[in-house]
Amino acid sequence: LIVGKICTVKDARGIRVTFVGGDSYEGAEKMRDGNLGLAVYAVPRGAISEDTWTKIDTAVLGNSNLVTAGETAIVLGKPLGDANCYTYGIVSTEMTGKNLADGQYGVVHTDIAGTADASGVIVNVRGEVIGIVEQTLLEEESRNMLAGYGISDMKGVIEKLSNGQSVPYVGIYGVDVNEDMQEQGLPGGMYVKVVEPDSPAMTAGIQNGDVITGIGDTEITEISEYHDILMAKSEG
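A few points on the structure. Everything numeric in this text was worked out from a predicted model, so none of it was measured. Note that residues are indexed from 1 along each chain, following the sequence as it is written. pLDDT decides what is reported in this predicted model: residues at 70 or higher carry local features, side-chain atom pairs at 80 or more are listed and counted, and totals for whole chains, interfaces and linings draw on all residues regardless. Side-chain figures throughout are based on the complete set of non-hydrogen atoms in the structure, without hydrogens or water.

## Some remarks on the pattern of salt bridges
Any Lys or Arg side-chain nitrogen located within 4 Å of an Asp or Glu carboxyl oxygen qualifies as a salt bridge. Applying the stated rule across the entire model yields five salt bridges. Across the pair Arg45 and Glu50 runs a salt bridge whose closest N-O atoms are separated by 3.0 Å.

In structure tokens form, the structure reads like this:
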């Protein structure tokens, strides 16, 4: 199983995966999450030669919540437009959060130069993956430096996709109801800033300005609780 960006090549007739050593095999998309632009691809174990198999290592997923500014970062993959290369630098700032549909995801920023369409993984000096490169998390004028999703917030998504399960999607962009908002009479919970068009949330009648106070019988007070509860659900 391989985690990567969703393949957007128009009229593609198939997927081939090239492993270390240069051997190439037919693969297939197992499951995708359009919200994050990620997919898990699969190559049948029986198709992989023993010589190739002995060269494959499983990536170790680190803890991006412990990443601090100034520590060494290495980007592997396609940071500069060419595949199979690497570059390195430092984590440039503390982790920031990026609001996407149904959750807030940590972002690892680096001072490493890259292209706007870069892809790959960010690893630390211990070889642990701490991020998945995604340049659209940055403002357009900042996409000459590499950044990516913090891996800690991706683990639940990767697990579901690897197991062939879809990632729960409602379609709400929200923020925490802070103290000032509560003083104006809003209840604690997640304030709905934007409802995505044609989303389940819009179909259900949720509107901008609503406050989500719970999922089922579980009360929520902030967006992180909303996301965690949602991720524990199954589609339907």
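## Here's the deal with the environment of Lys155
Counting from the N terminus, the helices are DSSP H or I runs at least four residues long and the strands are E runs at least two residues long. Looking at the secondary structure, you find Lys155 in helix H2 (residues 155–162). Taking the C-alpha atoms as reference, Lys155 lies 17 Å from Ala101; in sequence the two are 54 residues apart. Discounting residues that sit within four places of it in the chain, Lys155 has contacts with Leu61 and Gly62. Of the polar contacts made by the side chain of Lys155, one reaches the backbone oxygen of Gly62; its length is 2.9 Å. Should any heavy atoms of two residues lie within 4.5 Å, those residues are counted as being in contact. Each polar contact in these results corresponds to two N or O atoms within 3.5 Å; when the atoms are within protein, one needs to be able to donate a hydrogen and the other to accept it, and residues that are neighboring in sequence are counted only if both atoms are side-chain atoms.

## Looking at the sheet that holds strand E13 (residues 172–176)
Across the sheet, which stays open at both edges, the three strands sit in the order E13-E14-E15 with antiparallel pairing between neighbours. At either end of the open sheet lies a strand with only one pairing partner, and these are E13 and strand E15 (211–212). A pair of strands is labelled paired if DSSP reports no fewer than 2 bridges between them. Bridge count for strand E14 (residues 190–195) against E15 is two bridges, and the pairing is antiparallel. Considered in E15, the bridge of Tyr191 is made with Val211. Angles run from 0 to 180 degrees between N-to-C directions of axes, and those axes are lines fitted to C-alpha atoms, restricted for helices to the stretch in contact. Seen against the sheet, helix H5 (residues 223–231) touches E13, E14 and E15 and runs at an angle of roughly 135° to E13.

## Side note on a nonpolar patch on the surface
Surface patches are drawn from residues lacking salt bridges whose relative accessible area is over 30%; two like charges belong together within 9 Å, two nonpolar side chains (Val, Leu, Ile, Met, Phe, Trp, Tyr) within 5 Å. Only the protein chains shown count as cover for residues, and the accessible areas themselves come from Shrake-Rupley with a 1.4 Å probe. Together, Leu76, Tyr86 and Tyr88 line one region of the surface with nonpolar side chains, adding up to about 390 Å² of accessible area. Mapped onto the secondary structure, Leu76 falls in strand E6 (residues 72–78).

## Digging into H2
A turn of α-helix holds 3.6 residues, and therefore any two residues three or four places apart point the same way. Only protein chains enter the calculation, and the probe is 1.4 Å; a residue is then buried if its accessible area is under 20% of its type maximum, exposed if over 50%, and partly exposed in between. Among all positions of H2, only Val157, Ile158, Lys160, Leu161 and Ser162 are buried. Against strand E1 (2–5), strand E3 (24–33), strand E4 (38–42), strand E11 (128–133) and H5 lie the buried residues of H2. The first or second residue beyond H2 is Gly164, which carries a positive phi of 75°.

## A look at unusual backbone geometry
Phi angles above zero are rare outside glycine, and Asp11 is one such case at about 60°. In this structure, Asp11 sits in the loop between E1 and strand E2 (15–18). A residue is classified by how much of its surface remains accessible, and Asp11, at 66% relative accessible area, is exposed. The backbone phi angle of Asp198 is positive, close to 60°, even though this residue is not glycine.

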